[in-house]
Structures are given as C-alpha cells and as structure tokens.
Amino acid sequence: MEALLDVSDLSVRFDTDDGTVHAVDRLSFVLGEREVLGIAGESGCGKSVTMLSLLSLLPPTAVVSGTAHFGKIDLLAAPPSALREIRGREISFVFQEPMTSLNPAFTVGKQVGEVLRRHLGLSRDDASRRAVELLDLVRIPAPERRVREYPHQLSGGMRQRVMIAMALACDPKILIADEPTTALDVTIQAGILDLMREIRERLGTAIILITHNLGVVADIADRVLVMYAGRKAEEAPVDELFRHPQHPYTMGLLGAFPRRGVDRLQEIPGVVPSLRELPQHCAFAPRCPRADELSRSEIPELRRVRPDHWVACFHPGMNGASR
Amino acid sequence: MNGPVLEVEELVKHFHVGSRVGGGGAVVHAVDGVSFTIGAGEVLGLVGESGSGKTTVGNCIARLVEPTSGRIRIRDVDVTHLTRRKMRPLRREVHMVFQDPYSSLNPRMTCGQIVGEPLRLHRLARGRELDRRVVHLFERVGLRPELRHRYPHELSGGQRQRVGLARALSVGPSLLIADEPVSALDVSVQAAILNLLRDLQHDLGFSSLFITHDLATVEFLCDRVAVMYLGKIVELAPTREIFDSPKHPYTQALLSAAVVPDPDAQRARARVVLEGDVPSPLAPPSGCRFRTRCPLAAQSAPRSVEEEPELRDIGGAHLVACHLASVAGEAPVLADLAVESA
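Residues numbered from 1 in each chain as written. Chains lettered and ligands numbered in written order. Predicted model: local features only at pLDDT ≥ 70, side-chain atom pairs only at ≥ 80, totals over all residues.

Engineer: I'd like a description of the overall build of chain A, backed by residues and values.
Structural biologist: When helices and strands are tallied, chain A shows 11 helices and 12 strands. On C-alpha atoms alone, chain A measures out to a radius of gyration of 21 Å, which is about the 20 Å that the 2.2 N^0.38 rule sets for 323 residues. On the principal axes, the C-alpha backbone points of chain A span a range of 65 × 50 × 40 Å. Once local pairs closer than 6 in sequence are excluded, the contacts in chain A between residues at least 24 apart make up 64%. (Helix = DSSP H or I, 4+ residues; strand = E, 2+ residues; numbered from the N terminus. Rg over C-alpha atoms; globule rule 2.2 N^0.38 Å. Contact = placed C-beta atoms within 7 Å.)

Pasting the structure below:
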C-alpha cells in the first residue's frame, strides 16, 4: 500500500507552570491510500493532540518534534503559508461538537461556500451552487432549502453532516475525524458511519478516525492503533486486533465492554497515569496483572508478534496471566 | 415484602415554554402517558435517545419536577402531589445517582460529609456513630475510608461516582434511580462501576430504575427493559425478550444501530437506518409518534396517522405499542426487509 502520510517519532510536550506534560511520546504510524485508520484510547491518551499537532493547530506552548511526511512535505517543518494550503484542502478535520464548530451567525450555505471561495477561488454563485451539491453528497434532504438555514435550525446529526460537507469541499486526500459520532444518538451515529464509509468508497478519501469507542472502530476501521498514556500500545488490522488482541490493555478494554451472559465485566484497576511524570518504564505496568520487574524498569519497544501485528509489551499474547 | 416497589400510572409531564403567565406559548410534551411498575429487587432499564423523556420520568419519580398528571406510588403510598414536608420521610425510600460525578457533588463538602448528609438529615446517626457508618459505606463501594476527608476535586471520576453511590445508598432506599451513571466515565472505569452496581443490588436487594442510552449496559444489568420514544414507552419486556425478539420497529432500529467491538458482528449485521430526525416534542406527530421515521408506516396507514397505538401485552409479559404487532406476538422484522431490498 502506498503511504499517504508517514509519521515518525512524533513527540508533543507542553511546558506549563506546573511542569512539563508529555502528551505524545515517540509515536510513529503510516496512513495508506483509501485507508480508514482507527486511533483508539481513553481520555488523555494523546489521540487528539497527535492529530492537532500534525497541522500546527496546538497552542504555542506545545513543543513538537519528529517528522510527518505528506507526499514530499514534512508537515512538522513546513512554514505556516504551506500549511495553510494543506489545511482544509488536502487534509481536513471534523470535530466532535458540531454545534460549537459552526458559526451561529452565518447560514450553512455561506459557511460551506466560504471554504470553496477561499481555497478554490470560486465565485459567489459557483460557491453557492457547489454548496448545494455538497449537502446533497452528505445526504442532507432538501439541500436547496438547507443552505439558507442557520446552524440552530439543524439537528445534531444534520450539523455533523454539514461539518463533513465542509471538510469534503476541496476533495481532500485525508479526512481526520475526532470523535465524530460521540455527541450523537446511536441511530444518528449509524447514519454518519455509513456516510463515512460511502465517502471512502466514492471519493477514495483516506480517513483517520479518533475515538474512545471500540465498537465504532470495529465498524469502520481497516487498521487500528491503540494508544495509552501518549504511546502506542498496539497496532494491527482490524480483524487481527479484535480476534487476537496482544496487549493486556487492549484485552482489558475488550473485556470491560458490557455484554450479555457475563457475570462480571473485566475491570482495569487504578487510573490512567498523569502525563506530568511519564514513567521511564511501561506506562501500563501499575494497572497490569502481568507486570514484573522488567515492565517496571524499562519502556517496552514495539515489536511484531504476529504478521502485521505490533505490540509494546514484554508479556503479550492471549495466554497471559489475566485470562 | 410483596407488591411492586414503584407503580407509575399514566405519568404526564408537560413543560410550558416561551409563554407569559396564563398566556399561550408552546408546550413540550416531555412525558406523555407512561405506565410501568418495578418489583422488589428488580432492575428496570429505561432506554431511549436524547429527547425521549427518560430523564424526566426519573425526575418525576424523585419529585425533582412536579408531574403534570398521572400517579406515582412508592410502596403503596401515593407520592404524586405530596407536599415537600410530607414527602420528606419518603425521601429515604428513593435516591438518585446522576450522570456527572463532577457537578452532582458539593465541592465545599468533604466526601465523608457528602455521604453522611442523608443520614444526618434523616436523624439516623450522628457523632461517632455517623462516622462509623460513613466508613462502612466507603468500604461498601470500594473506597479507602481515608478518602472521606478529601474533597470531590481530589478524586478521580470513577471514585466520585462511588461517592455518589455511597450517598444514595446511605439510608437504605428501596428504589435507586440511576440516570446514565457511567456515561461520563472511561470504558475501563465504567466496568468497575457496573460490577459494583450489580454486586450492591444483589447484596442489598434494592430495586433500580436504570436510565440510559446505552443498550450494552442494559443487557448486562437489567431484568426488564422499557424503550421510550418521544415521551411514550413503545416496548417493554424482559431483557432477553427485547434483545432476542424486539417487536417494535424503533426497538429493532435501535438494536441494529448499536455498535459492538467485533468486526465480524458489525459486518454481519442487517442495518436498519432510520430516515430523518426525531420530531420536536413541541408538536409530536398525530397517531403513532414513530410514523414519521418508521419504514413500515405505509403498511399501517391511515391507522398510524389517526390512532395512537396502545401498549398491549402480546404474551409473556412482552408489551408493545405498534399497530402492526398482532396479539399473538407476530410483528414484522425490519432486518428481513433490509436484506430483501439490498
């Protein structure tokens, strides 16, 4: 598979008054053409910061290092003018909260049109015509009427569709969606996931989907990357990951999912570590039933344990102590 | 003890919005005629999407909002319109756990004070005895007793939710209303709280109204499930029944939309995607409220427009409010239709 985006050794830290916060620690991953990559993890694992850092959308207190090659350009070294060309045009974002991401004072058509006029230099008339087409593309009924409406007149699901329409306006190569369905009801979520699948099929857009919901990942991703405390814990194709999880954290997350016929859910004791003092050993060790001296003294490097299946754990596999 | 702990009959709650006193204005039909009972030691799941009225039902039972009409009986006492003073002794019987463990605990009180407050207000314990019982409650919900001297902001989300649970159970209520108690928590923390809820419920034997949008937790925790849509219960049945053979088209759509962490199951699933959005509770559709989104509305027209389907027992304590469900328990299966048309 052709690499569309190649991120290598990405680290992000924030220097604050209370010390340094290590949000992302030496993360590497590759996104292929037309691929849907799911990045899964709990709050504070660094999944959102990773994506924001790629397009310089973090506050100036962030210190970013590493490389992120998008074609010939290193996104992390590119000047702001070059990034402006890429942001929203080649790589675009969809955020969790569709209400706060839209400007309440402008009509939907105006906001979608703005992207087209700025990036593609379309005239006012062309932009508004194209805006209607885009709303139709994301399956919004009666798009001619909807372009004249304001965000508050739309439901949450419709607003998220508008956000996706804006993100698709310039036919981007990569769509980064950060918890795009988390604020939505399940019946609405199903429609948005179907829409993203369709976009990939019809337009060939590669998608990075950031989520805490392993069900969403199982539904739409081709490949999954599980993050814990700013580091990659595990990475594999979706079927491989769910059938043969290797990292005790991934297994814990899957065992924690409520379902019928189980008497007790698997618990992961303890809490996510503070990113202020990122340990110089396995970050999951304090919560891990398999942790030993080695886990508590060294950082496990990523290694391949099965074909195309990478894990950062000294004691990986299904037959560990916890199962 | 025999007989239900809670009986809700034709509960209605309308909110008036945008009107001056006595003037017209609009009416939000948040809850529009809901009836159910909860037996001793039973856990009833109340499931629905945003705007379905599930939270308002819980708030009415706890008398946090005044019901518009209908009847609520707790252990055979009609509490629907009791005054605050008369309600007070009954407050021991019903307690609540809320979704947000950050805003539902008083930040100026220590966790020990928070947990002990109901005991103090009901004059059940004081002084050393109060502290002894607080320590016991902390242990009961899996918190180290030292944490009772801490303030809520010093605790993690999961620990705070345990404090909320200890407070709710402090006076030994016969009914616990839990409104999305784990939705704000991370998955790994959720599991521990759900296990705890299940253990406590098992050991202490209280009844529960478990309000949530998450079908997976319902399947794990509840004995029976009521599905709400736009202020009405559309289906009510034992958990196994609901998940194995849902009768109402909305329940079927809801179940088919829930994602599970299993790629094979996701691919094999026959999807029922509902068209459009939930109508405004300001003006719910006539007849069947689900008809504007129901893939089968045409089949039951014009009845679906003219007549509101009644919640009927179709056998085996399985209640459904759909014109297309027969008394014998036959109902159309949407997934079959989806497969046929694909």
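Engineer: Before we move on, can you summarise the sheet that holds strand β1 (residues 6-17) of chain B with the specific residues and values?
Structural biologist: All names here are of chain B. Across the sheet, which stays open at both edges, the four strands sit in the order β2-β1-β4-β5 with antiparallel pairing between neighbours. Each edge of the sheet is formed by a strand with only one pairing partner; in this case those strands are β2 (26-38) and β5 (77-78). Alignment of strand β4 (residues 69-74) against β5, held across two bridges, turns out to be antiparallel. Considered in β5, the bridge of I74 is made with V77. (Pairing = 2+ DSSP bridges.)

Engineer: Pulling in residues and values, what's your account of the domain arrangement of chain A?
Structural biologist: Its domain assignment divides chain A into domain 1 (98-171) and domain 2 (244-311). Its C-alpha centre places domain 1 of chain A at a distance of 42 Å from the equivalent point of domain 2 of chain A. (Domains from an automatic or database assignment.)

Engineer: How would you explain the interface of chain A and chain B if you had to name every residue and give the values?
Structural biologist: At the junction of the two partners, chain A supplies 35 residues and chain B supplies 31 residues. If you list the elements that add at least two residues to the side of chain A that touches chain B, you get α8 (186-203), α9 (214-220), α10 (238-243) and α11 (248-256) of chain A. For the side of chain A that touches chain B, the element with the most residues is α8 of chain A, which contributes six residues.

Engineer: Lay out the environment of A165 of chain A in plain terms, naming residues and giving numbers.
Structural biologist: All names here are of chain A. Looking at the secondary structure, you find A165 in helix α7 (residues 156-168). Given 26 C-beta atoms within a 10 Å radius, A165 is considered buried. With 31 residues separating them along the chain, A165 and L134 place their C-alpha atoms 5.5 Å apart. Apart from residues no more than four positions distant in its own chain, A165 is found in contact with V112, L134, L135, L137 and V138. (Buried ≥ 20, exposed ≤ 12 C-beta atoms within 10 Å, placed from the backbone.)

Engineer: I'd love a proper account of the pairing of strand β7 (residues 175-179) of chain B, names of residues and values included.
Structural biologist: Residue and element names in this part refer to chain B. Counting buried positions along β7 gives five out of five residues, so the element sits mostly inside the fold. Residues L175, I177 and D179 point to one face of β7 and L176 and A178 to the other, with burial holding for every one of them. Sheet analysis places strand β6 (residues 94-97) next to β7, joined by four bridges and oriented parallel. Residue M96 lies in a different strand from β7, and its bridge partner there is I177. Bridging between β7 and strand β8 (residues 207-212) involves five bridges; their strand directions are parallel. Bridging across to β8, D179 finds its partner in I211.

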